[in-house]
Amino acid sequence: MDVRDKIFINGEWVASTGDGVLEVIDSTTEEVLGTIPNGSVDDVDRAVRAAAAAFPAWAATPMEERVALVAKIGEHLAMRTDKIGELISREVGMPKGLSVPIQAGLPVGAFTDLAEHVAAFPWEEVIGNSLVVREPIGVVGAITPWNYPLYQIALKVAPALVTGCTVVLKPSEVAPLNAFELAEVIAEAGLPAGVFNLVTGVGPVVGEAIAAHPLVDAVSFTGSTRAGKRVMQVGAETIKRVTLELGGKSANIILEDADIATAVSSGIFGCFMNSGQTCSALTRMIVPRSKLAEVEEIAVATAAAFPPGDPFTEGAMIGPLVSAVQRDRVRGYINKGIEEGAKLLIGGPDAPEGLEKGFFIQPTVFSDVTSDMTIAREEIFGPVLSIIPVDSEEEAIAIANDTPYGLAGSVWAGDPAHAEEVARKLRTGQVDINGGPFNVSAPFGGYKQSGNGRERGKFGLDEFLETKSLQR
Ligand code: NDP
């Protein structure tokens, strides 16, 4: 049992003034994996005041020193990669073979690779008689989700610290233990007291207290559109900057002349990765009607090659979902797909055979889905793919854009230049062309109700900066 009975404020592990503890559940065994403090509004106030007191000195610390300290956090995190990968496998359910490089490895890079982005950033520019300077915004509240828990944290904490901001972090109550590992590492790395603070608890209490606090200058939120709207409403009272990385319903457009076998099998992976609990999951596969039979055959064969199983088995690709709530939600969507007349190709609402314990779900593929069906409109956050047949490229683009979301997408075509033309017509923050690989330095964020602002690389620094013009 990982019992965490203190929160981290002003460089010290201190007791929370909140009531009781929150249990963290192992998604494979359904047993209690650990407990965390159920933090209070008062905890947030103490943490924010510590962060506000630490801000002037941290902002005045030379950039190179901040970059070096932040890189040191990454180096210390790297020493715990195996432990953190295993912990997140238990919290979230991602197989350990993937969790170590993705869930534990990506955060290391987020802390260690900032020097090059800082070097490329336009910190000062001359415009006519003005010198335009960029300054840290102040105290940053970071509110994060459970699906890539430590990476989401790292994408906020690392750039915020480098720019000279101080931070109060509230991680997801569902997968919070990794955040305690980070706080320990930050203490080891020797950051000044108050520069980083950790308060755990539930969103409506701790999260809203951060969004409401007058001494918090900016909130960086990743999570659902529902909670993001609430954070924006609460933050509006003090006109604080609120940046939001929210949900998605991303389309994978496969055109007539694409390499269908590669596009479909890669698309299945893009949907089922992390059991479909990925904000940018390619959940709508839009294909030419003339190719539907071929697409269905490849989709079924590929999905069948992703049997869910114990995340600690060698070679496992899909583990359980994160929680009972999430499993029941996903099952509800699968039933809805069947009720609304989509064609179930593989999978279904029942637990996979032999996996009644743990929050497992069968990877599921629907075909003959239409854009008005619930499974084509709402974010499911499970391994459920909707294949939508269309009669033209124009229809494919129109359906891809027919969603309140705008996070990600993918286009496959025989001619990459043609794929790029289509990609430019998609109203989303990123599009992969013919399987273009994940780029940790490329900006990431959403159009429409998938959010505002961008994380990663030099774009990620912007979220935490104010702009000042000096007229001379
Ligand atoms: P939630 O929105 O439920 O939670 C995210 C965080 O917000 C948690 O820390 C949560 O606290 C907190 N929270 C909840 N309610 C409030 C509130 N009223 N005020 C302040 N904070 C609140 O999302 P999930 O954790 O369920 O994550 C899944 C969602 O995140 C999906 O929709 C997914 O698409 C999105 N996501 C988006 C990404 C992106 O970059 N665009 C990346 C990853 C996920 P608590 O701990 O109590 O839940």
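Above: the structure in question.
Everything quoted here is computed from the prediction, not taken from an experiment.

### Examining the sheet that holds strand S16 (residues 364–367)
Strand order in the open sheet made by the seven strands is S15-S16-S17-S14-S13-S18-S19, with mixed pairing throughout. What marks the edges here is a single partner per strand, and that holds for strand S15 (343–346) and strand S19 (432–433). Sheet strands touched by helix H12 (residues 324–339): S15, S16 and strand S17 (384–390). Its angle to S16, the strand with the most contacts, is close to 25°.

### Describing H12
Taking 1.5 Å per residue, 16 residues should reach 22 Å; H12 reaches 22 Å between its end C-alpha atoms and fits that length. Turning to H12, its buried residues number three or more, namely Gln326, Arg327, Val330, Tyr333, Ile334 and Gly337. Buried residues in H12, looked at end-on, bunch into an arc of 125°, giving them a common side. H12 presents Val325 and Glu339 as exposed residues on the side facing more than 90 degrees away from its buried surface. Among the structural elements, S16, helix H13 (374–377) and S17 are those in contact with the buried residues of H12.

### Structural notes on the environment of Asn401
Position of Asn401 among the secondary structure elements: in helix H14 (residues 393–401). A sequence separation of 136 residues divides Asn401 from Ser265, and the C-alpha atoms of the two residues are 23 Å apart. Those residues in contact with Asn401 that lie beyond four places of it in its chain are Lys425, Leu426, Arg427 and Lys448.

### A word on a negative patch on the surface
Taken together, the side chains of Glu256, Asp257, Asp415 and Glu421 present a region of like negative charge at the surface. Residue position: Asp415 is located in the loop between strand S18 (409–412) and helix H15 (416–424).

### Points about the pattern of salt bridges
If you walk through the whole model with that rule in mind, you get 24 salt bridges. One salt bridge connects Asp82 with Lys96, and the closest N-O pair in it is separated by 3.3 Å. With a gap of 14 residues between them, Asp82 in helix H3 (residues 81–92) and Lys96 in helix H4 (residues 96–112) connect regions that are remote in the sequence. Overall, the relative accessible area of 46% leaves Asp82 in the partly exposed class. Between Arg327 and Asp328 there is a salt bridge, with the nearest N and O atoms lying 3.2 Å from each other. Arg327 sits in the buried class, given a relative accessible area of 14%. The network of salt bridges with shared partners includes Asp2, Arg4, Arg80, Lys83, Glu181, Glu184 and Glu188.

### Digging into the packing of aromatic side chains
For the coordinates displayed, the defined rule picks out seven aromatic pairs. Judged by centre distance (5.5 Å) and plane angle (80°), the ring pair of Trp146 and Phe381 falls under edge-to-face. One end of the pair, Trp146, is in the loop between strand S8 (139–143) and helix H6 (149–163); the other, Phe381, is in the loop between H13 and S17, and 235 residues separate them in sequence. Taking relative accessible area as the criterion, Trp146 reaches 14% and is therefore assigned buried.

### Here we look at the pairing of S17
Burial analysis of S17 places seven of its seven residues in the buried class, which makes it a mostly covered element. Judged by which residues are buried, S17 turns out to be covered on both faces: Val384, Ser386, Ile388 and Val390 on one side and Leu385, Ile387 and Pro389 on the other are all buried. Two elements, S16 and S17, share three bridges in a ladder whose sense is parallel. Counterpart to Phe366 in the pairing with S17 is Ser386.

### Details of the site of the ligand
Around the ligand sit 30 residues in total, of which Glu173, Gly203, Ser224, Leu246 and Glu379 are the nearest. The separation between an oxygen atom of the ligand and a polar side-chain atom of Glu173 is 2.4 Å. Separating a nitrogen atom of the ligand from a backbone N or O atom of Leu246 is a distance of 2.5 Å. Bound to the protein, the ligand loses 92% of the 900 Å² it would expose on its own. Every element with two or more residues in the shell around the ligand is listed here: helix H8 (203–212), strand S11 (218–222) and helix H9 (225–236). Element by element, the count of residues in the shell around the ligand is highest for H9, at four residues. Residues of the shell around the ligand, tallied by class, amount to 13 nonpolar, 10 polar and seven charged. Both domains that furnish three or more residues to the shell around the ligand are identified here as domain 1 (2–246 + 450–471) and domain 2 (251–440).

### Let's talk about the nonpolar core
Formed by 67 residues in total, the largest nonpolar core has its most connected members in Ile73, Phe111, Leu161, Leu182 and Phe196. For this core, the element with the highest residue contribution is H6, accounting for 10 residues. Each of domain 1 (2–246 + 450–471) and domain 2 (251–440) accounts for three or more of the residues forming this core. Apart from the residues lying within four places of it in its own chain, the contact partners of Phe111 are Val70, Ala71, Ile73, Gly74, Leu77, Ala154, Val157, Ala158 and Leu182. Core analysis: the second largest hydrophobic core is formed by 30 residues, Ile253, Leu255, Val369 and Ala400 among them.

### Regarding unusual backbone geometry
Look at Ser275: it is not a glycine, yet its phi comes out positive at around 55°. Checked against the element boundaries, Ser275 lands in the loop between helix H10 (260–272) and strand S14 (284–288). One non-glycine residue, Asp368, adopts positive backbone phi at about 55°. Its location among the elements puts Asp368 in the loop between S16 and H13.

### Here's the deal with a nonpolar patch on the surface
A cluster of nonpolar residues, Met1, Val3 and Val32, forms a patch on the protein surface that exposes about 300 Å² of accessible area. Along the chain, Val32 falls in strand S5 (residues 32–37).

Parameters and conventions
Residues numbered from 1 in each chain as written. Predicted model: local features only at pLDDT ≥ 70, side-chain atom pairs only at ≥ 80, totals over all residues. Heavy atoms only, no water. Pairing = 2+ DSSP bridges. Helix = DSSP H or I, 4+ residues; strand = E, 2+ residues; numbered from the N terminus. Contact = heavy atoms within 4.5 Å. Axes fitted to C-alpha atoms, helices over the stretch in contact; angles between N-to-C directions. Expected span 1.5 Å × (residues − 1). Buried < 20%, exposed > 50% of the residue type's maximum accessible area, 1.4 Å probe, protein only. Arc of directions from axis to C-beta. Patch = residues over 30% accessible without salt bridge, like charges linked within 9 Å, V, L, I, M, F, W, Y side chains within 5 Å. Areas by Shrake-Rupley, 256 points an atom, 1.4 Å probe, with all protein chains shown as cover. Salt bridge = Lys/Arg side-chain N within 4 Å of Asp/Glu carboxyl O. Lys, Arg positive; Asp, Glu negative; His and termini not counted. Charge placed at Lys NZ, Arg CZ, Asp CG, Glu CD. Phe/Tyr/Trp six-rings, centres within 6.5 Å; stacked < 30°, edge-to-face > 60°. Near = heavy atom within 4 Å. Polar contact = N/O pair within 3.5 Å; in protein donor to acceptor, adjacent residues only side chain to side chain. Nonpolar A, V, L, I, M, F, W, Y, C, P; charged D, E, K, R; others polar. Domains from an automatic or database assignment. Core = buried A, V, L, I, M, F, W, Y, C linked by side-chain atoms within 4.5 Å.

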